[in-house]
Amino acid sequence: MPSASDENVEANRICVAVATHKSYRMPTDPMYLPMHVGKALHPDVDLGFAGDDTGDNISLKNSWYSELTGLYWLWKNMDAAYLGLVHYRRHFETRNMTTRFTSSDRFRRIVSGDEVRALLREHQIILPKRRHYVVETIRSHYEHTLDVRQLDETRKILTDMCPEYVEAFDHVMAARSAHIFNMFIMSKGRLTEYCSWLFPVLFELERRIPPDSYDAFGARYPGRVSERLMDVWIITNGYPYVEQPVISPEPVNWVEKGGSFLLAKAGIKKYGKSF
């Protein structure tokens, strides 16, 4: 007989938003909701996807918050038992080794709704596999590649608004790996709790360090800072989770990415674009 939790997972819908700002191939599994983020900034553009500009939304902040405008929309407007966020260039990958190593079509290797339901019967939260920096801490990597004042101001905000999170923040900053990418799947209750904590912190950070004081790339810092805050929330609250592999539909240019990191670490040139 299935447990009560089994029945809950099976009976309630899972909605995973796929954040995109352009026309792009999308997963076909009904679990996924292709979402045009920043739709309010481009009202004349119709990608044929759901927009993040209806109901309670922050779509106009997309040039600063990136995929988080999609997360905010999910939090405020989507009534599903389980909610998640991925990116058009970054998805959770199946654990099925046969599929992973025999399919040349990367979209066939994206995790299915059935596999996610199986994971949620045993785990409360699904996160991407940790990214390991090896020669850098989370803070030193940010300092070498971006504007570290953003992290320092975030710590001050946590001290002012929710000091119980500062210890975990310091732990994450000193670590050499983290769950980044703003990717996750969790119950609506957990997501509501996370967003109720995350967005007030980011809104205050936006007030203290105006994003429009940067160029277009630098202005997206609230989305980058949030990637370093997921583990802070997880650690402070002691929430269990399971890690899932990550796949990109597009091959990553590791030569360009590695070269840019080395230039940044040497103090020659910080990041000026996404990879």
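In this section: unusual backbone geometry. Although it is not a glycine, Ser66 sits at a positive phi angle of roughly 50 degrees. Examined against the element boundaries, Ser66 turns out to sit in the loop between α2 (62–65) and α3 (68–77). Overall, the relative accessible area of 16% leaves Ser66 in the buried class. With phi around 85 degrees, Phe181 is a residue other than glycine that occupies positive phi space. With respect to the helices and strands, Phe181 occurs in the loop between β8 (177–178) and β9 (184–187). Residue classification places Phe181 among the buried positions, given a relative accessible area of 12%.

So, about the side chain of Thr154. Summarising the element assignment, Thr154 is placed in helix α7 (residues 149–161). In this structure Thr154 comes out as buried when scored by relative accessible area, which is 1%. Not counting the four nearest positions on each side in its chain, Thr154 is found in contact with Phe169, Val201, Leu205, Val225 and Leu229.

The geometry of helix α8 (residues 166–174) relative to helix α11 (residues 230–237) is characterised by a closest axis approach of 8 Å and an angle of 130 degrees between their N-to-C directions. As summarised for this structure, α8 and α11 are arranged oblique, according to the angle between their axes. The two elements α8 and α11 meet at a crossing, and its hand is right-handed. On the side of α8, the interface is formed by Ala168, Phe169, His171 and Val172, while α11 contributes Asp231, Val232, Ile235 and Thr236. For the contact of α8 with α11, the class distribution of residues is 5 nonpolar, 2 polar and 1 charged.

What follows is about the sheet that holds strand β10 (residues 242–244). The strand order across the open sheet built from 7 strands is β3-β2-β1-β4-β9-β6-β10, with neighbouring strands paired in mixed fashion. The outermost strands of the open sheet, each flanked by one partner alone, are β3 (50–51) and β10. Strand contacts of helix α9 (residues 188–208): β4 (82–87), β6 (125–128) and β9, with the helix running at about 110 degrees to β9, the strand carrying the most contacts.

Counted under the stated rule, the structure contains 18 salt bridges. Between Arg208 and Glu153 there is a salt bridge, with the nearest N and O atoms lying 2.9 Å from each other. In this pair, Arg208 is assigned in helix α9 and Glu153 in helix α7, connecting sequence segments 55 residues apart. Residue classification places Arg208 among the partly exposed positions, given a relative accessible area of 28%.

A word on the environment of Leu71. By the element assignment, Leu71 lies in helix α3. Residue class for Leu71 comes out buried when judged on its relative accessible area of 0%. Setting aside residues up to four positions removed in sequence, Leu71 forms contacts with Leu85, Phe184, Leu191, Tyr194, Cys195, Leu198 and Phe199.

Moving on, we get to the packing of aromatic side chains. If you walk through the whole model with that rule in mind, you get 13 aromatic pairs. Relative to Phe203, the ring of Phe199 has its centre 5.8 Å away and its plane inclined at 40 degrees; by these criteria the two rings are tilted. Separated by 4 residues within a single helix, Phe199 and Phe203 lie in helix α9, roughly one turn from each other. The exposure class assigned to Phe199 is buried, which follows from its relative accessible area of 1%. For Phe203, a relative accessible area of 29% puts it in the partly exposed group. Put simply, the rings of Tyr165, Phe184, Tyr194, Trp197, Trp233 and Tyr239 touch in pairs and so form one group of aromatic residues. A cation sits over an aromatic face here: Lys76 above Trp75, 4.0 Å from the ring centre. When the ring centre of Tyr239 is taken as reference, the NZ or CZ atom of Arg190 above it lies at 3.8 Å.

Let us look at the confidence of the model for the protein chain. On average, residues of the protein chain score 91 in pLDDT, and 87% of them reach the 70 mark or higher. This stretch, residues 1–7, has a pLDDT under 50; its non-local contacts, to residues over four places away or in other chains, come to 3 contacts.

Let's shift gears to the packing of α7 against α9. Look at α7 against α9: their axes get within 10 Å of each other, and the N-to-C directions meet at 120 degrees. Judged by the angle between their axes, α7 and α9 are oblique. Relative to α9, the crossing made by α7 is right-handed. Touching Gln150, Glu153, Thr154, Lys156, Ile157, Leu158, Asp160 and Met161 of α7 are Trp197, Pro200, Val201, Glu204, Leu205 and Arg208, all from α9.

Definitions and cut-offs
- Residues numbered from 1 in each chain as written.
- Predicted model: local features only at pLDDT ≥ 70, side-chain atom pairs only at ≥ 80, totals over all residues.
- Heavy atoms only, no water.
- Helix = DSSP H or I, 4+ residues; strand = E, 2+ residues; numbered from the N terminus.
- Buried < 20%, exposed > 50% of the residue type's maximum accessible area, 1.4 Å probe, protein only.
- Contact = heavy atoms within 4.5 Å.
- Axes fitted to C-alpha atoms, helices over the stretch in contact; angles between N-to-C directions.
- Parallel < 35°, antiparallel > 145°, perpendicular 65-115°, else oblique.
- Left-handed = near helix turned anticlockwise from the far one by under 90°.
- Nonpolar A, V, L, I, M, F, W, Y, C, P; charged D, E, K, R; others polar.
- Pairing = 2+ DSSP bridges.
- Salt bridge = Lys/Arg side-chain N within 4 Å of Asp/Glu carboxyl O.
- Phe/Tyr/Trp six-rings, centres within 6.5 Å; stacked < 30°, edge-to-face > 60°.
- Lys NZ or Arg CZ within 6 Å of the ring centre and 35° of its normal.
- pLDDT = per-residue confidence, 0-100.

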